[in-house]
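# Fold and contact review
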Amino acid sequence: MSSVDMRLACKPADYKSDIKPIWCPGCGDYHVLMSFTRAFAELGLPSEDIVVVSGIGCSSRIPAYTNCYGFHGVHGRSLALAAGLKVTRPELTVVVASGDGDGYSIGGNHFLHACRRNIDMTYVVMDNHIYGMTKGQPSPTTEPEFDTALSPGGTGLRPFHPLVIALASGANFIARCFSGEPNETAAVLVEAIRHPGFSFVEILSPCVTFRPDEKEWKSLVHTAPVAATNDPAKAARRIMTDDGFNIGILYRGDRRPYRPAIGAASVDLSELEKDFEL
Amino acid sequence: MSSAAEAPKVATVADLLAVAYQIEADAVDRYDLLADQMETHNNPELVRVFRDLARAEGIHRDEIRRLAGDIDVAAHAQRVAKWQRGESPEQVNLGEAHYLMTPWHALQLALVGEQHALAYFESVVATAKDAGVKKMAEEFVEEEAEHVNLVHRLLRKYPEPPDSWSVDDDPPSQQE
């Protein structure tokens with residue numbers, strides 16, 4: 001079967017599992033799941049060649065809702081798991097799903113070094129500016145004045161700027177999407193997965209339960225008016241000066257992905273297991 | 001909804017049937033997804049409403065498949081029924097869903113979807129160069145206009161709920 005035939009033969013539904021999502025009705029993550037399955041179908045990848053890795057949080061439920069291989073890892077460590085997987089099984093397509101709490105706070109350090117290392121995988125962060133699963137604590141991207149019972153008067157803290165940090169740390173592809181535009185998001189995910197190296201896609205995905213104000217995002221997002229650049233300085237200026245609702249591919253770098261030389265296994269696993277015997 | 005410029009290009013009757021088929025198929029998927037959400041969140045009345053809407057769209061989808069005869073509209077749709085921006089017209093906005101939503105809200109979503117489909121087929125009529133495409137698109141316009149009227153008639157049975165419809169004294173998720 002040719003790659004075109006393979007692509008036409010794949011339908012988004014082929015990548016959905018039988019498990020029904022338990023996100024709140026209205027949650028942006030439903031659309032992100034749709035974008036994942038549409039992107040996989042467009043790429044025509046066999047589901048057994050894709051691995052969706054996640055950490056903890058509402059967004060991190062996503063591996064269960066696809067019928068690809070999945071790994072629902074520990075909080076903030078999805079990138080470490082995914083990096084290990086990709087360097088040892090480079091033939092697999094590795095997509096990592098996270099949220100702004102999991103990815104930027106608990107997993108913040110892994111984020112920096114995954115960008116720097118530039119392993120060929122795609123990191124998708126569903127950013128809703130809140131910890132949704134644990135009932136609405138401020139996350140690193142929460143606005144300083146966001147005032148709730150859990151953050152009286154707001155945190156007063158400057159929000160984290162994930163795209164700038166990704167660029168400065170060496171990510172090879174940077175994009176911002178909005179969950180409410182699943183076709184556009186799927187198209188960006190296709191580009192991100194195809195692009196060599198570490199691709200970072202931030203998806204603004206409203207939390208309708210703890211941030212009902214984010215329903216307004218639909219009217220605030222707008223398409224990036226210019227094509228993606230491979231010049232980090234231009235990209236930095238664009239990302240630093242935009243309003244946070246600029247949607248599209250913002251940076252497409254040409255750094256060579258990190259591919260460590262993996263030799264044949266030199267350790268006998270049964271010998272190794274003996275070391276850990278209690 | 002996408003603008004006419006971003007909607008799929010329709011050059012032949014087969015293209016039009018494929019796009020019409022995809023619009024209805026997408027609507028079935030979307031209503032079923034909303035019904036699943038309502039099932040998970042224990043809103044049985046809305047489960048019934050969304051399943052009924054999915055069934056109705058499924059009947060339209062199957063009618064288009066019959067109308068297409070030997071043309072494999074599902075396969076052709078994979079090639080031609082692609083929206084550059086936005087989604088196909090009857091894919092109602094999932095962001096508007098709420099676990100306490102009422103039949104009135106569901107019908108409002110359905111109404112928007114039908115109006116978008118009507119506008120889409122009207123745009124095909126306005127721009128069609130092929131006489132066969134124009135004639136069939138006019139039939140779809142008539143059909144979608146009837147669907148819009150049907151939703152309006154159903155809305156008479158389900159008046160707008162009071163502003164307090166989303167108030168929940170014991171919500172499943174709240175800050176403590």
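Residues numbered from 1 in each chain as written. Chains lettered and ligands numbered in written order. Predicted model: local features only at pLDDT ≥ 70, side-chain atom pairs only at ≥ 80, totals over all residues.

## With respect to the overall build of chain A
Along its length, chain A carries 10 helices and 8 strands. Dimensions of chain A, computed from C-alpha atoms along their principal axes, come out at roughly 55 × 50 × 40 Å. In chain A, buried positions account for 49% of the 278 residues. Contacts in chain A between residues at least 24 apart in sequence constitute 69% of all its contacts with a sequence separation of at least 6. (Helix = DSSP H or I, 4+ residues; strand = E, 2+ residues; numbered from the N terminus. Buried ≥ 20, exposed ≤ 12 C-beta atoms within 10 Å, placed from the backbone. Contact = placed C-beta atoms within 7 Å.)

## Re the overall build of chain B
If you tally the helices and strands in chain B, you get 5 helices and 0 strands. The linear arrangement of helices and strands in chain B, starting from the amino end, is α-α-α-α-α. The buried share among the 176 residues of chain B stands at 39%.

## Describing the interface of chain B and chain A
You'll often see interface size given as the accessible area lost when the parts meet. Listed by partner, the interface residues are 18 residues for chain B and 22 residues for chain A. Looking at which element gives the most residues to the side of chain B that touches chain A, the answer is helix α1 (residues 13-40) of chain B, with 3 residues. Partitioning the side of chain B that touches chain A into residue classes produces 4 nonpolar, 9 polar and 5 charged. (Nonpolar A, V, L, I, M, F, W, Y, C, P; charged D, E, K, R; others polar.)

## Let's talk about helix α2 (residues 29-43) of chain A
Over its 15 residues, α2(A) extends 21 Å from the first C-alpha to the last, a length consistent with the 21 Å expected when each residue adds 1.5 Å. Counting buried positions along α2(A) gives 13 out of 15 residues, so the element sits mostly inside the fold. (Expected span 1.5 Å × (residues − 1).)

## Some details on the confidence of the model for chain B
Per-residue pLDDT for chain B averages 91, and the proportion of residues at 70 or more is 97%. Scored as a complex, the prediction yields pTM 0.91 and ipTM 0.87. (pLDDT = per-residue confidence, 0-100.)

## A word on unusual backbone geometry
Residue and element names in this part refer to chain A. Backbone geometry places Asn118, a non-glycine residue, at a positive phi of 60°. Classification of Asn118 as buried rests on a count of 22 C-beta atoms within 10 Å. One non-glycine residue with positive phi stands out, namely Lys135, at about 80°. Of note, Lys135 is situated in the loop between β4 (121-127) and α6 (162-169).

## Some thoughts on the sheet that holds strand β3 (residues 93-99) of chain A
Residues and elements named next belong to chain A. Strand order in the open sheet made by the 8 strands is β2-β1-β3-β4-β6-β5-β8-β7, with mixed pairing throughout. Looking at strand neighbours, the two that pair on one side only are β2 (69-72) and β7 (222-223), the edges of this open sheet. One ladder, built from 4 bridges, connects strand β1 (residues 50-54) with β2; its direction is parallel. Its bridge partner lying in β2, Ser54 is registered against His72. Docked against the sheet, helix α9 (residues 232-241) engages β5 (173-178) and β8 (246-252), running at close to 160° with respect to β8. (Pairing = 2+ DSSP bridges. Axes fitted to C-alpha atoms, helices over the stretch in contact; angles between N-to-C directions.)

## Considerations on the pairing of strand β6 (residues 198-204) of chain A
Successive side chains on a regular strand alternate, one facing one side of the sheet and the next facing the other. All names here are of chain A. The buried fraction of β6 amounts to 7 of the 7 residues, a majority that puts the element mostly inside the structure. As judged from the 7 bridges shared by β4 and β6, these two strands associate in the parallel manner. By the bridge assignment, Asp127 is partnered in β6 with Leu204. For β5 and β6, the ladder comprises 6 bridges, and the chain directions are parallel. For Arg176, the partnering residue across the bridge sits in β6 and is Glu202.

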